Amino acid sequence: QVQLVESGGGLVQAGGSLRLSCAASGSIFSIKTIGWYRQAPGKQRELVAAITRGGSTNYADSVKGRFSISRDNAKNTVYLQIGSLKIEDTAVYYCNAKVVLEDSNEYDYWGQGTQVTVSS
């Protein structure tokens, strides 16, 4: 079974920075797209950033210029560098991957999430 494990969340002051990591494991042929979503209490889960195997990226308008996503294909790992943190960035951040397995089929996987809390 494919697993996505996030790490790097925590408590940080507004204006600070944080780096999240997500490592995928299992019998994976390739990861087509991998990225981050976030969900705050009482709000819908939203896309934060995503990156394709070839390196094309997409960002939510609210994080452009502050967040940077990257990936290491050899390690099946994606990173999210978060800077200039704002109170409204507080949320559980979830790793998401669209994966091609050895059977050639495509699947969608989610991590358990990591909490990011920004204080004033």
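Structure's up top.
Residues numbered from 1 in each chain as written. Predicted model: local features only at pLDDT ≥ 70, side-chain atom pairs only at ≥ 80, totals over all residues. Heavy atoms only, no water.

Caption draft 1: Focus on the layout of surface pockets. Put simply, the largest pocket is a space of about 160 Å³. Taken together, Q1, V2, Q3, L4, V5, E6, Y109, W110, G111 and Q112 make up the lining of the largest pocket. For the lining of the largest pocket, the elements supplying multiple residues, two or more each, are β1 (3-7) and β10 (106-110). At four residues, the largest contribution of residues to the lining of the largest pocket is made by β1. (1 Å grid on protein atoms, 1.4 Å probe; cavity = no way out; pocket = protein on both sides within 12 Å on 5 of 7 lines; lining within 4 Å. Points joined across faces, edges and corners; volume = space filled by probe spheres on them. Helix = DSSP H or I, 4+ residues; strand = E, 2+ residues; numbered from the N terminus.)

Caption draft 2: Layout of the nonpolar core. Ranked by size, the top nonpolar core spans 32 residues in total, and within it L20, W36, V48, V78, L80, I82 and Y93 carry the most contacts. When residues in this core are grouped by element, the largest group, six residues, is from strand β9 (residues 91-101). The contact partners of V78, leaving out residues within four places of it in the chain, are L20, S21, C22, I34, W36, I51, I69, S70, R71 and C95. (Core = buried A, V, L, I, M, F, W, Y, C linked by side-chain atoms within 4.5 Å. Buried < 20%, exposed > 50% of the residue type's maximum accessible area, 1.4 Å probe, protein only. Contact = heavy atoms within 4.5 Å.)

Caption draft 3: Representation of the state of the cysteines in the model. Under the criterion given, the structure shown has one disulfide. Here C22 connects covalently by a disulfide to C95, the sulfurs 2.1 Å from one another. Because the sign of the S-S torsion sets the handedness, a value of about -85 degrees for the bond joining C22 and C95 places this disulfide among the left-handed ones. One end of the pair, C22, is in strand β3 (residues 18-25); the other, C95, is in strand β9, and 73 residues separate them in sequence. Each member of the pair, C22 together with C95, is buried. (Disulfide = S-S within 2.5 Å.)

Caption draft 4: Molecular detail of the pattern of salt bridges. Using the criterion set out here, one finds six salt bridges in the structure. Between E106 and K32 there is a salt bridge whose closest N-O contact spans 2.8 Å. Of this pair, E106 sits in strand β10 while K32 sits in strand β4 (residues 28-39), and the two are 74 residues apart along the sequence. Judged by its relative accessible area of 55%, E106 falls in the exposed class. (Salt bridge = Lys/Arg side-chain N within 4 Å of Asp/Glu carboxyl O.)

Caption draft 5: View of the packing of aromatic side chains. Using the criterion set out here, one finds two aromatic pairs in the structure. When the ring of Y107 is compared with that of Y109, the centres are 6.4 Å apart and the planes differ by 45 degrees; the resulting orientation is tilted. Overall, the relative accessible area of 33% leaves Y107 in the partly exposed class. A residue is classified by how much of its surface remains accessible, and Y109, at 18% relative accessible area, is buried. The side chain of R45 reaches across the aromatic face of Y94, ending 3.9 Å from its centre. (Phe/Tyr/Trp six-rings, centres within 6.5 Å; stacked < 30°, edge-to-face > 60°. Lys NZ or Arg CZ within 6 Å of the ring centre and 35° of its normal.)

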